[in-house]
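An overview of the molecular structure
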Amino acid sequence: MEYGKEKRKERLEAYSLTTFGENFIHLTKKEQYIALTQMIMEEIVPKWKESLNKYSDKKKAYYFSAEYLMGRAFSNNLINMGYQSEIKEILKEYEINYNQIEEAEEDAGLGNGGLGRLAACFLDSAATLNYPLMGYGVRYQYGIFKQIFEDGFQVEKEDDWLKLGDPWSIKKLKDQVKVNFADGDVLAVPYDTPIIGYGGKTINTLRLWEAHAIHPFDFREFNEQNYDLAIKEKNKAEMISKVLYPNDTKDEGKILRLKQQYFFVSASLQDLVKKHLERYDTLENFHQFHSIQLNDTHPTVAIPEMMRIFTKEYKMDWEKSWNIVVNTFAYTNHTIMQEALEQWPVRLYQALLPEVYEMIEQINKTLIKDLQQRGISYEKIKHYKIIENDSIKMAYLAIYGTHSTNGVAKVHTDILKKRELHFWYKLYPERFQNKTNGITQRRWLLKANPELAEFITELLGSKLWITELNQLKKLEVYQEDKEVLKKFLKIKQKKKNQLAQYIKKQEGIEINPYSIFDIQIKRFHEYKRQLLNAFHILDLYYRIKQNPDLDIYNRTFIFGGKAAPGYQRAKGIIKYIHEIKNLINNDKEIQGKIKVVFITNYGVSYGEKLFSSADISEQISTAGKEASGTGNMKFMLNGTPTIGTLDGANIEIIEQAGQENNFIFGLQVEDIERMNLTYDPREYYEKVEGLKRVVDSLVDGTFNDGGTGIFKELYDSILKGTSWHRADEYYLLKDFESYRMAQKKVNDAYKNCQNWAKKCWINLSNAGNFSSDRTIEEYAEEIWRIKNYIF
Ligand SMILES: *Cc1c(COP(=O)(O)O)cnc(C)c1O
């Protein structure tokens, strides 16, 4: 049952009055957004309940993730429910601008970057394909910090995304559970958000837990006038879900982070066990109804926790329990970066989760016995131990305690098998598989680029691509069609104009919408090599100064991304780019030729505007370091060629769209494996024309790092190396020349606009494989073994 227009307006006015005490037209934009959402939820909730009921006796999958980078829900939900044009019409009658309502919603930024956004894309795809997949996580009160710049330095501000409440979620008090810690128990209160599949047939759930005190107020202390003590327990408990760790490289504040992990994992497992027992009265068939995906090692404590529940609370025997656990869980590995492979000091686990730790010890013992029985030598067994040198290796626990370990792109999985986890691969070859990441075309094309989406639908004569992205392949026949390519370029220009306007408004910078939009947006990390991009820009600048007639097409270099607050080098690179920006943008002589923009507070919603208007996609990580990347796919889906290395999913992008339609450069994984010990960056520093000049800008007074010494630090990291890493660990100097050549090719290719459009078009036509629908099909069939029922 759907409401007609008049009924909707009536309900809208009712919510406006009961929530805000005013008629709709008199509310602020944010209030209007909330009233509209309440009105829409009224229609969604009955369908949501119905959808959940359909799967009540079926095997379901569960995604355990410490992060969900959802972005905004408003347009996405309207599009997927099929309500968008009707809601637009209603707003028109009120003479209210739809975009302003859309922008009134805060991004739900409960994630750091790619890993959290992948979780969000997966939820969208599973619901769209009618797979029962439920997400579990933490309802952080503060999401990823808001980034601002002061004098070119990143400054972090709190992201108070809930200040006006979250009208998409429903608090389910009746499902609250208690989570035990050695230093006191806390309550976990769930909030459910509907995950609406395209077409609205399946609506799944994202359940996020919020931490509360069992006794939030101590009246006795209050009476004694000890006000701080009266709310001590409340503050301590609520701290658990207070803030998302903005750090995806190192683990600081370790105890709190461990509490967060155990908090949501324990609550989620209790939830599942309770519901299962209500229906089946036994846990012996638990794995026949549940498949749980561990998104990286953050929720791996689920493995010993489930062993604890089964063996201690339900007195099942160890082996039987272990068998169920291994058959229930699967693990996704997201990185081979050594510092991100999670380990926990034994003493922290012992102090905070003694019973869980006992389980880990028991698991470790069983593992060692297993290995001995296989005749593996004592020396070799050492490599496998889950507990070693007083630390717990979460990745090993995750491999041993699950039936599936997957990497996120072919090359990444190959590296895991060949190198990083080779010994585990030898033990369990059947457990290792690849699941190349994907992105949802509903958000990253249909929503982000409605102009291009409409054109595609028109050409294909169908909207089928929205749920079957391989349909795009049929567009390839237009690769020489002048009219089609012209229309494509016209749409691209429109998106560029929109972005230029938005940047003017947000950043106060004017950019030339007819210049090449060269975009690198992603977290700041040395391995992603924003510094290589910066060096190239500075080199280009110096070359233009030397030769004002240098043949270059106007270009706008756009950067966006956050650095972990404690990651000094990444913050130094951000400052350095700002310095280059000031030098170039203030130089009247080169006016127009090149310009640099650093957009503030990159996130999902800003991304929607950037991916759709890019001319060239920067994917320049050191080969072997970027597990997959998903930003690369978002650009491709919007018809943007890549300048990049053969790393992560770039390799598969090139396989699909052709090397000739992209700009590949630099060392490959095997080159680096071979060079490892012999590489001397000084050789390149001295010999490569222009390279010394740009590297020296870090220390020769060209730029000012505000007396922090961070530029000198960057300089040393490239040329000197330290006890903890080699000089130029990420091969910037080695790859500089070939990057510069690839950039020259971009410059030359762009001048031939029809040829350029053809490259764009072929990229778009071959993006089908990178739909997260494809990824989810693979998970569902090859890992979760769940079915999608078309009811
Ligand atoms: C897609 C996305 C990412 C991941 O980008 P990579 O280039 O793959 O690192 C990070 N942050 C946001 C907001 C995204 O949308």
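Residues numbered from 1 in each chain as written. Predicted model: local features only at pLDDT ≥ 70, side-chain atom pairs only at ≥ 80, totals over all residues. Heavy atoms only, no water.

1. Re the site of the ligand
The ligand sits among 15 residues. The nearest are K522, K528, T630, G631 and K634. Take T630: an N or O atom from its main chain is 2.8 Å from an oxygen atom of the ligand. Burial of the ligand by the protein chains amounts to 96% of its free accessible area of 390 Å². Counting only elements with at least two residues in the shell around the ligand, the list comes to α6 (114-128) and α26 (631-637). (Near = heavy atom within 4 Å. Polar contact = N/O pair within 3.5 Å; in protein donor to acceptor, adjacent residues only side chain to side chain. Areas by Shrake-Rupley, 256 points an atom, 1.4 Å probe, with all protein chains shown as cover. Helix = DSSP H or I, 4+ residues; strand = E, 2+ residues; numbered from the N terminus.)

2. Focus on the nonpolar core
Core analysis: the largest hydrophobic core is formed by 233 residues, its most contacted members being F64, Y349 and W424. If near-sequence neighbours (up to four positions away) are discounted, F64 is found in contact with Y136, F264, V265, S268, L269, L272, I292, Q293, L294, N295, P299 and A302. (Core = buried A, V, L, I, M, F, W, Y, C linked by side-chain atoms within 4.5 Å. Buried < 20%, exposed > 50% of the residue type's maximum accessible area, 1.4 Å probe, protein only. Contact = heavy atoms within 4.5 Å.)

3. As for the UniProt feature "modified residue: N6-(pyridoxal phosphate)lysine" (unreviewed entry) in the protein
As annotated in UniProt, the feature "modified residue: N6-(pyridoxal phosphate)lysine" (unreviewed entry) corresponds to K634 in the numbering used here. By the secondary structure assignment, K634 is in helix α26. Among the residues examined, K634 registers a relative accessible area of 6% and is labelled buried. Discounting chain neighbours no more than four positions away, the residues touching K634 are R117, I439, W444 and F611. (UniProt positions renumbered as here; feature names shortened; annotations may be inferred.)

4. A few points about the packing of aromatic side chains
With the rule as written, the count across this model stands at 46 aromatic pairs. Seen from their ring centres, W424 and Y428 are 6.3 Å apart, and the 20 degrees between their planes marks the pair as stacked. As far as burial versus exposure is concerned, W424 and Y428 are alike and both buried. Put simply, the rings of W322, Y384, Y396, Y400, F423, W424 and Y428 pair up and form one aromatic cluster. Above the plane of the ring of Y94 lies K9, whose end atom (NZ or CZ) is 5.8 Å from the centre. A cation over a ring is seen here: R431 above Y428, with NZ or CZ 3.6 Å from the ring centre. (Phe/Tyr/Trp six-rings, centres within 6.5 Å; stacked < 30°, edge-to-face > 60°. Lys NZ or Arg CZ within 6 Å of the ring centre and 35° of its normal.)

5. Considering the packing of helix α12 (residues 302-313) against helix α13 (residues 318-328)
Where α12 contacts α13, the two axes come as close as 10 Å, and the packing angle between them is 140 degrees. Here α12 lies oblique to α13, going by the angle between them. Relative to α13, the crossing made by α12 is right-handed. On the side of α12, the interface is formed by I303, M306, M307, F310 and T311, while α13 contributes W318, S321, W322, I324, V325 and T328. (Axes fitted to C-alpha atoms, helices over the stretch in contact; angles between N-to-C directions. Parallel < 35°, antiparallel > 145°, perpendicular 65-115°, else oblique. Left-handed = near helix turned anticlockwise from the far one by under 90°.)

6. Some thoughts on unusual backbone geometry
With phi around 65 degrees, N130 is a residue other than glycine that occupies positive phi space. You can call N130 buried: its relative accessible area is 9%. With a phi close to 65 degrees, Q225 is a non-glycine residue in the positive phi region. Examined against the element boundaries, Q225 turns out to sit in the loop between α7 (219-223) and α8 (227-230).

7. Quick look at the sheet that holds strand β14 (residues 387-388)
Spatially, the 3 strands line up as an open sheet ordered β13-β15-β14, and their pairing is antiparallel. Of all strands in the sheet, those bounded by a partner on one side alone are β13 (343-345) and β14. Taken together, the 3 bridges between β13 and strand β15 (residues 391-393) define a ladder with antiparallel strand orientation. Paired with W344 across the two strands is I392, which belongs to β15. (Pairing = 2+ DSSP bridges.)

8. A few points about helix α31 (residues 710-719)
Judged by how many residues are buried, α31 sits mostly within the fold: 8 of 10 residues are covered. For α31, every residue scored as buried is listed here: I710, F711, L714, Y715, D716, S717, I718 and L719. Those residues of α31 hidden inside the fold are in contact with α23 (530-546), α24 (568-585), α29 (681-687), α30 (691-696) and α32 (732-751). The positive-phi residue at the C-terminal boundary of α31 is G721, with phi of around 75 degrees.

9. Let's talk about the pattern of salt bridges
Inspection of the entire model under this criterion finds 67 salt bridges. We note a salt bridge from E782 to K435, for which the minimum N-O separation is 2.8 Å. Of this pair, E782 sits in helix α34 (residues 772-784) while K435 sits in the loop between β17 (432-434) and α20 (441-447), and the two are 347 residues apart along the sequence. Taking relative accessible area as the criterion, E782 reaches 38% and is therefore assigned partly exposed. A salt bridge links K494 to E451, with the nearest nitrogen and oxygen atoms 4.0 Å apart. Taken together, the residues span a long stretch of sequence, with K494 in helix α22 (residues 482-507) and E451 in helix α21 (residues 450-460) at a distance of 43 residues. Residue classification places E451 among the buried residues on the basis of a relative accessible area of 17%. (Salt bridge = Lys/Arg side-chain N within 4 Å of Asp/Glu carboxyl O.)

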